[in-house]
Amino acid sequence: MDRILSSKSNVVRARLQFHRQKSNSLKKHLNKVHSDPFNSKKRGEFYRSRAAFKLLEINQRCRIFHKNCKNVVDLGFAPGAWTQVAVQCLEERGVGDYRILGIDINEAIPYRGCSYIRGDLLKKETHERIKEFFRKDNGVQEQVDLIISDMMVNCTGHDHYDHLGSMELCNAAMILAFDSLKNNKGNLVMKVWHGAEEKLLELRMRIMFEKLVRIKPESSRSQSSELFYVGLKKRNLHELDIKLPDLFGGLQTLETIIDRL
Ligand SMILES: C[S@@+](CC[C@H](N)C(=O)[O-])C[C@H]1O[C@@H](n2cnc3c(N)ncnc32)[C@H](O)[C@@H]1O
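Residues numbered from 1 in each chain as written. Predicted model: local features only at pLDDT ≥ 70, side-chain atom pairs only at ≥ 80, totals over all residues.

## As for the packing of helix H6 (residues 198–208) against helix H8 (residues 251–259)
Part 1 of the reasoning: Running from amino to carboxyl end, H6 crosses H8 at an angle of 30 degrees, the nearest separation of the two axes being 10 Å. The angle between H6 and H8 falls in the class roughly parallel. As H6 packs across H8, the resulting crossing turns out to be left-handed. Each of Leu200, Leu203, Arg204, Arg206 and Ile207 in H6 lies in contact with H8, whose residues at this interface are Leu251, Leu254, Glu255, Ile257 and Ile258. (Axes fitted to C-alpha atoms, helices over the stretch in contact; angles between N-to-C directions. Helix = DSSP H or I, 4+ residues; strand = E, 2+ residues; numbered from the N terminus. Parallel < 35°, antiparallel > 145°, perpendicular 65-115°, else oblique. Left-handed = near helix turned anticlockwise from the far one by under 90°. Contact = placed C-beta atoms within 7 Å.)

So, in C-alpha coordinates, the structure goes:
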(Lines give C-alpha, C1' and ligand atoms only; values in the text may rest on other atoms or scores of the structure.)
Protein backbone atom coordinates (compact mmCIF):
# COMPACT_ATOMS: atom_id res chain seq x y z
CA MET A 1 0.00 0.00 0.00
CA ASP A 2 2.82 2.35 1.02
CA ARG A 3 4.59 1.58 -2.26
CA ILE A 4 1.45 2.31 -4.27
CA LEU A 5 1.02 5.62 -2.44
CA SER A 6 4.62 6.63 -2.99
CA SER A 7 4.51 5.73 -6.70
CA LYS A 8 1.23 7.68 -6.97
CA SER A 9 2.80 10.75 -5.35
CA ASN A 10 5.77 10.38 -7.73
CA VAL A 11 3.38 10.54 -10.65
CA VAL A 12 1.67 13.62 -9.19
CA ARG A 13 5.08 15.26 -8.60
CA ALA A 14 6.18 14.46 -12.17
CA ARG A 15 2.91 15.91 -13.56
CA LEU A 16 3.32 19.09 -11.53
CA GLN A 17 6.90 19.45 -12.74
CA PHE A 18 5.78 18.91 -16.35
CA HIS A 19 3.08 21.61 -16.04
CA ARG A 20 5.55 23.98 -14.38
CA GLN A 21 8.06 23.41 -17.21
CA LYS A 22 5.33 23.81 -19.80
CA SER A 23 4.10 27.04 -18.30
CA ASN A 24 7.70 28.31 -18.04
CA SER A 25 8.33 27.74 -21.73
CA LEU A 26 4.94 29.25 -22.57
CA LYS A 27 5.85 32.28 -20.44
CA LYS A 28 9.19 32.54 -22.27
CA HIS A 29 7.42 32.39 -25.64
CA LEU A 30 4.86 35.04 -24.63
CA ASN A 31 7.63 37.30 -23.30
CA LYS A 32 9.43 36.97 -26.63
CA VAL A 33 6.27 37.84 -28.56
CA HIS A 34 5.32 40.76 -26.30
CA SER A 35 8.79 42.30 -26.16
CA ASP A 36 9.24 42.00 -29.93
CA PRO A 37 8.99 45.58 -31.28
CA PHE A 38 8.22 44.14 -34.74
CA ASN A 39 5.21 42.16 -33.65
CA SER A 40 2.68 43.56 -36.10
CA LYS A 41 -0.33 43.01 -33.82
CA LYS A 42 1.38 44.95 -31.03
CA ARG A 43 2.16 47.78 -33.48
CA GLY A 44 -1.46 47.79 -34.65
CA GLU A 45 -0.32 47.33 -38.25
CA PHE A 46 -2.29 45.48 -40.87
CA TYR A 47 0.46 43.18 -42.13
CA ARG A 48 -0.17 39.47 -42.31
CA SER A 49 3.16 38.76 -40.58
CA ARG A 50 6.19 40.50 -39.01
CA ALA A 51 8.20 39.51 -42.13
CA ALA A 52 6.81 42.74 -43.63
CA PHE A 53 9.23 44.85 -41.56
CA LYS A 54 12.26 43.08 -43.03
CA LEU A 55 11.21 43.97 -46.57
CA LEU A 56 10.43 47.55 -45.55
CA GLU A 57 13.98 47.86 -44.19
CA ILE A 58 15.46 46.29 -47.32
CA ASN A 59 13.51 48.76 -49.47
CA GLN A 60 14.70 51.67 -47.34
CA ARG A 61 18.31 50.64 -48.01
CA CYS A 62 18.08 49.54 -51.66
CA ARG A 63 15.01 51.29 -53.16
CA ILE A 64 13.78 48.17 -54.90
CA PHE A 65 10.22 49.47 -55.32
CA HIS A 66 10.78 52.33 -57.77
CA LYS A 67 8.46 53.86 -60.35
CA ASN A 68 9.59 51.54 -63.17
CA CYS A 69 9.02 48.40 -61.14
CA LYS A 70 5.90 46.74 -62.56
CA ASN A 71 6.28 42.97 -62.80
CA VAL A 72 7.06 41.39 -59.44
CA VAL A 73 7.35 37.75 -58.33
CA ASP A 74 7.05 37.01 -54.59
CA LEU A 75 8.56 33.57 -53.87
CA GLY A 76 7.47 31.97 -50.60
CA PHE A 77 4.39 34.19 -50.61
CA ALA A 78 2.42 32.75 -47.65
CA PRO A 79 0.87 34.27 -45.60
CA GLY A 80 1.39 37.32 -47.84
CA ALA A 81 3.03 40.16 -45.88
CA TRP A 82 5.76 40.80 -48.49
CA THR A 83 3.13 41.18 -51.20
CA GLN A 84 1.27 43.64 -48.94
CA VAL A 85 4.49 45.68 -48.65
CA ALA A 86 5.04 45.50 -52.41
CA VAL A 87 1.52 46.80 -53.11
CA GLN A 88 1.86 49.56 -50.52
CA CYS A 89 5.28 50.74 -51.77
CA LEU A 90 4.38 50.60 -55.47
CA GLU A 91 1.11 52.48 -54.91
CA GLU A 92 2.99 55.11 -52.89
CA ARG A 93 5.34 55.54 -55.89
CA GLY A 94 2.32 55.99 -58.17
CA VAL A 95 2.78 52.69 -60.02
CA GLY A 96 -0.76 51.74 -60.96
CA ASP A 97 -0.29 49.02 -63.54
CA TYR A 98 1.82 46.59 -61.50
CA ARG A 99 1.46 42.81 -61.68
CA ILE A 100 2.44 40.85 -58.61
CA LEU A 101 2.53 37.06 -58.64
CA GLY A 102 2.91 35.15 -55.37
CA ILE A 103 4.24 31.58 -55.38
CA ASP A 104 4.09 29.19 -52.46
CA ILE A 105 4.27 25.45 -51.98
CA ASN A 106 1.49 25.83 -49.39
CA GLU A 107 -2.09 26.99 -49.71
CA ALA A 108 -2.54 30.75 -49.20
CA ILE A 109 -5.12 33.50 -49.58
CA PRO A 110 -4.28 35.90 -52.43
CA TYR A 111 -3.97 39.60 -51.65
CA ARG A 112 -6.17 42.24 -53.31
CA GLY A 113 -5.25 42.92 -56.94
CA CYS A 114 -2.49 40.29 -56.89
CA SER A 115 -2.28 36.73 -58.15
CA TYR A 116 -1.11 33.58 -56.46
CA ILE A 117 -0.08 30.17 -57.73
CA ARG A 118 0.41 27.19 -55.48
CA GLY A 119 3.62 25.52 -56.64
CA ASP A 120 7.01 24.20 -55.65
CA LEU A 121 9.82 26.35 -57.01
CA LEU A 122 12.11 23.33 -57.06
CA LYS A 123 9.92 21.97 -59.90
CA LYS A 124 10.41 23.05 -63.51
CA GLU A 125 6.64 23.07 -64.02
CA THR A 126 6.34 26.00 -61.53
CA HIS A 127 8.94 28.01 -63.49
CA GLU A 128 6.89 27.38 -66.64
CA ARG A 129 3.70 28.60 -64.93
CA ILE A 130 5.45 31.80 -63.84
CA LYS A 131 6.63 32.48 -67.40
CA GLU A 132 3.15 31.72 -68.72
CA PHE A 133 1.70 34.31 -66.31
CA PHE A 134 3.91 37.05 -67.77
CA ARG A 135 3.29 36.01 -71.42
CA LYS A 136 1.05 38.44 -73.28
CA ASP A 137 -1.88 37.30 -75.43
CA ASN A 138 0.21 38.00 -78.56
CA GLY A 139 2.86 35.54 -77.28
CA VAL A 140 5.41 38.20 -76.26
CA GLN A 141 7.23 37.18 -73.09
CA GLU A 142 7.40 40.04 -70.57
CA GLN A 143 10.46 40.13 -68.33
CA VAL A 144 10.26 40.58 -64.56
CA ASP A 145 11.53 43.74 -62.80
CA LEU A 146 11.85 42.32 -59.32
CA ILE A 147 12.00 38.89 -57.67
CA ILE A 148 11.65 38.80 -53.89
CA SER A 149 12.23 35.49 -52.15
CA ASP A 150 11.58 34.84 -48.48
CA MET A 151 11.41 31.09 -49.10
CA MET A 152 12.60 28.84 -46.33
CA VAL A 153 12.37 25.11 -45.67
CA ASN A 154 10.76 23.90 -42.44
CA CYS A 155 13.58 24.39 -39.94
CA THR A 156 14.92 21.19 -38.44
CA GLY A 157 16.88 23.05 -35.77
CA HIS A 158 20.08 21.59 -37.29
CA ASP A 159 21.74 24.68 -38.71
CA HIS A 160 23.72 22.91 -41.43
CA TYR A 161 20.71 21.00 -42.82
CA ASP A 162 18.66 24.19 -42.76
CA HIS A 163 21.49 26.00 -44.56
CA LEU A 164 21.61 23.32 -47.29
CA GLY A 165 17.83 23.49 -47.72
CA SER A 166 18.02 27.26 -48.03
CA MET A 167 20.83 27.00 -50.64
CA GLU A 168 18.64 24.76 -52.78
CA LEU A 169 15.82 27.32 -52.68
CA CYS A 170 18.25 30.17 -53.45
CA ASN A 171 19.58 28.26 -56.46
CA ALA A 172 16.01 27.78 -57.71
CA ALA A 173 15.35 31.52 -57.32
CA MET A 174 18.55 32.28 -59.23
CA ILE A 175 17.53 29.96 -62.09
CA LEU A 176 14.24 31.86 -62.31
CA ALA A 177 16.18 35.16 -62.26
CA PHE A 178 18.53 33.89 -65.00
CA ASP A 179 15.55 33.18 -67.29
CA SER A 180 13.08 35.90 -66.37
CA LEU A 181 14.70 38.97 -64.82
CA LYS A 182 15.12 42.09 -66.96
CA ASN A 183 18.67 42.64 -68.23
CA ASN A 184 20.55 45.73 -66.94
CA LYS A 185 17.63 46.58 -64.61
CA GLY A 186 16.14 43.62 -62.76
CA ASN A 187 16.71 43.14 -59.02
CA LEU A 188 16.61 40.06 -56.77
CA VAL A 189 16.09 39.91 -53.00
CA MET A 190 16.74 36.56 -51.42
CA LYS A 191 16.61 35.14 -47.89
CA VAL A 192 19.79 33.17 -47.17
CA TRP A 193 20.45 30.87 -44.22
CA HIS A 194 24.05 31.53 -43.27
CA GLY A 195 26.47 28.58 -43.67
CA ALA A 196 29.37 26.87 -45.42
CA GLU A 197 28.07 27.06 -49.02
CA GLU A 198 27.48 30.78 -48.89
CA LYS A 199 30.72 31.65 -50.69
CA LEU A 200 29.46 29.90 -53.86
CA LEU A 201 26.17 31.76 -53.66
CA GLU A 202 27.95 35.08 -53.17
CA LEU A 203 30.13 34.52 -56.27
CA ARG A 204 27.09 33.55 -58.36
CA MET A 205 25.31 36.70 -57.25
CA ARG A 206 28.39 38.82 -58.06
CA ILE A 207 28.44 37.37 -61.55
CA MET A 208 24.72 37.85 -62.11
CA PHE A 209 24.42 41.38 -60.71
CA GLU A 210 26.36 44.61 -60.98
CA LYS A 211 25.99 45.18 -57.25
CA LEU A 212 25.48 42.88 -54.26
CA VAL A 213 24.26 44.13 -50.87
CA ARG A 214 24.03 41.87 -47.81
CA ILE A 215 21.51 42.91 -45.17
CA LYS A 216 20.67 41.66 -41.69
CA PRO A 217 17.54 43.71 -40.93
CA GLU A 218 17.00 44.95 -37.40
CA SER A 219 13.61 43.26 -37.50
CA SER A 220 15.29 39.88 -38.08
CA ARG A 221 15.94 38.14 -34.75
CA SER A 222 19.64 38.43 -33.91
CA GLN A 223 19.87 34.76 -32.94
CA SER A 224 18.47 33.65 -36.31
CA SER A 225 20.94 32.63 -39.06
CA GLU A 226 18.91 34.40 -41.75
CA LEU A 227 20.19 37.32 -43.77
CA PHE A 228 19.22 38.81 -47.11
CA TYR A 229 21.17 39.08 -50.34
CA VAL A 230 20.09 41.87 -52.65
CA GLY A 231 21.36 41.69 -56.23
CA LEU A 232 20.95 44.98 -58.06
CA LYS A 233 20.92 45.41 -61.86
CA LYS A 234 21.08 42.01 -63.46
CA ARG A 235 23.84 41.84 -66.07
CA ASN A 236 23.10 40.74 -69.62
CA LEU A 237 24.60 37.28 -69.19
CA HIS A 238 23.71 36.28 -72.75
CA GLU A 239 25.87 39.10 -74.14
CA LEU A 240 28.66 38.10 -71.76
CA ASP A 241 28.34 34.52 -73.05
CA ILE A 242 27.68 33.17 -69.53
CA LYS A 243 25.40 30.15 -69.55
CA LEU A 244 23.47 28.56 -66.68
CA PRO A 245 25.92 25.62 -66.22
CA ASP A 246 28.80 28.16 -65.98
CA LEU A 247 26.94 29.96 -63.21
CA PHE A 248 26.53 26.71 -61.30
CA GLY A 249 30.14 25.63 -61.77
CA GLY A 250 32.60 25.18 -58.90
CA LEU A 251 34.59 27.81 -57.03
CA GLN A 252 37.41 27.94 -59.59
CA THR A 253 35.07 28.36 -62.58
CA LEU A 254 33.22 31.16 -60.79
CA GLU A 255 36.43 32.97 -59.84
CA THR A 256 37.67 32.76 -63.44
CA ILE A 257 34.39 34.29 -64.70
CA ILE A 258 34.60 37.09 -62.11
CA ASP A 259 38.18 37.91 -63.17
CA ARG A 260 37.06 38.51 -66.75
CA LEU A 261 33.98 40.61 -65.92
C1 LIG B 1 9.09 32.74 -44.05
S2 LIG B 1 7.73 32.16 -44.98
C3 LIG B 1 7.42 33.52 -46.04
C4 LIG B 1 6.70 34.67 -45.39
C5 LIG B 1 6.21 35.67 -46.43
N6 LIG B 1 7.32 36.34 -47.09
C7 LIG B 1 5.34 36.75 -45.84
O8 LIG B 1 5.73 37.88 -45.85
O9 LIG B 1 4.22 36.44 -45.40
C10 LIG B 1 8.52 31.03 -46.07
C11 LIG B 1 7.61 30.43 -47.11
O12 LIG B 1 8.40 29.71 -48.06
C13 LIG B 1 7.56 28.70 -48.59
N14 LIG B 1 8.35 27.68 -49.32
C15 LIG B 1 9.23 26.79 -48.78
N16 LIG B 1 9.71 25.98 -49.75
C17 LIG B 1 9.14 26.36 -50.92
C18 LIG B 1 9.24 25.88 -52.26
N19 LIG B 1 10.01 24.83 -52.58
N20 LIG B 1 8.50 26.50 -53.22
C21 LIG B 1 7.69 27.55 -52.89
N22 LIG B 1 7.56 28.03 -51.63
C23 LIG B 1 8.27 27.45 -50.66
C24 LIG B 1 6.88 28.16 -47.34
O25 LIG B 1 5.71 27.45 -47.65
C26 LIG B 1 6.61 29.44 -46.54
O27 LIG B 1 5.30 29.90 -46.74
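So, next bit.
## Section: the pairing of strand E2 (residues 99–104)
Part 1 of the reasoning: Burial of E2 is extensive: five of the six residues sit out of reach of the surface.
Part 2 of the reasoning: Taking the sense of rotation as the criterion, the β-α-β connection linking strand E1 (residues 71–75), helix H3 (residues 81–92) and E2 turns out right-handed.
Part 3 of the reasoning: As paired elements, E2 and strand E3 (residues 115–118) share four bridges and run parallel to each other. Each bridged residue has a counterpart across the sheet, and for Ile103 the counterpart in E3 is Ile117. (Buried ≥ 20, exposed ≤ 12 C-beta atoms within 10 Å, placed from the backbone. Right-handed = clockwise from strand over helix to strand, strands pointing away. Pairing = 2+ DSSP bridges.)

## Side note on the nonpolar core
Part 1 of the reasoning: If you look at the biggest cluster of nonpolar residues, it comprises 56 residues, and the most contacted ones within it are Ile147 and Ala173.
Part 2 of the reasoning: A per-element tally of this core places helix H5 (residues 159–180) first, with seven residues.
Part 3 of the reasoning: Apart from residues lying up to four places away in sequence, Ala173 is in contact with Leu75, Leu121, Ile147, Ser149, Met151, Leu188 and Met190. (Core = buried A, V, L, I, M, F, W, Y, C linked by C-beta atoms within 7 Å.)

## Side note on the site of the ligand
Part 1 of the reasoning: The ligand sits among 21 residues. The nearest are Ala51, Gly76, Ala78, Ala81 and Asp150.
Part 2 of the reasoning: Going through the elements one at a time, H3 and E2 are the ones with two or more residues in the shell around the ligand.
Part 3 of the reasoning: Partitioning the shell around the ligand into residue classes produces 13 nonpolar, four polar and four charged. (Near = placed C-beta within 6 Å. Nonpolar A, V, L, I, M, F, W, Y, C, P; charged D, E, K, R; others polar.)

## Side note on the sheet that holds strand E7 (residues 226–234)
Hydrogen bonds along the backbone pair up the strands of a sheet, which may run parallel or antiparallel.
Part 1 of the reasoning: Spatial strand order, E3-E2-E1-E4-E5-E7-E6: seven strands in an open sheet with mixed pairing. Either end of the sheet is taken by a strand with one partner, and the two such strands are E3 and strand E6 (209–215). Neighbour to neighbour, the strand axes of the sheet diverge by 20 degrees on average, direction disregarded.
Part 2 of the reasoning: Of the strand pairs in this sheet, E6 and E7 are connected by six bridges, and their pairing is antiparallel. Counterpart to Leu212 in the pairing with E7 is Gly231.

## Considerations on the UniProt feature "domain: Ribosomal RNA methyltransferase FtsJ" (unreviewed entry) in the protein chain
Part 1 of the reasoning: Using the residue numbers shown here, the UniProt feature "domain: Ribosomal RNA methyltransferase FtsJ" (unreviewed entry) corresponds to residues 47–234.
Part 2 of the reasoning: Counted over residues 47–234, helix gives 36% and strand 22%. Its end C-alpha atoms are 30 Å apart. (UniProt positions renumbered as here; feature names shortened; annotations may be inferred.)

## Things to note about the packing of helix H2 (residues 51–62) against H3
Part 1 of the reasoning: Running from N to C, H2 and H3 cross one another at 40 degrees; their axes reach a closest spacing of 8 Å. One finds that H2 runs oblique with respect to H3. The interaxial crossing formed by H2 with H3 has right-handed handedness. Every residue of H3 that contacts H2 at Ala51, Ala52, Leu55, Leu56 and Asn59 is listed here: Ala81, Trp82, Gln84, Val85 and Cys89.

## Comments concerning H2
Part 1 of the reasoning: If you check H2, its first and last C-alpha atoms are 17 Å apart, about what 12 residues at 1.5 Å a residue would give, namely 16 Å.
Part 2 of the reasoning: Among the residues making up H2, those that are buried are Ala51, Ala52, Phe53, Lys54, Leu55 and Ile58.
Part 3 of the reasoning: Trailing H2 by a residue or two, Arg63 shows a phi angle of about 50 degrees, which is positive. (Expected span 1.5 Å × (residues − 1).)

## Quick look at unusual backbone geometry
Part 1 of the reasoning: Of note, the bond from Ala78 into Pro79 is cis; its omega dihedral lies within 30 degrees of zero at 0 degrees.
Part 2 of the reasoning: In this fold, Pro79 is placed in the loop between E1 and H3.
Part 3 of the reasoning: For Arg63, which is not glycine, the phi torsion reads 50 degrees and is therefore positive.
Part 4 of the reasoning: Tracing the sequence through the fold places Arg63 in the loop between H2 and E1.
Part 5 of the reasoning: For Arg63, a count of 13 C-beta atoms within 10 Å puts it in the partly exposed group.

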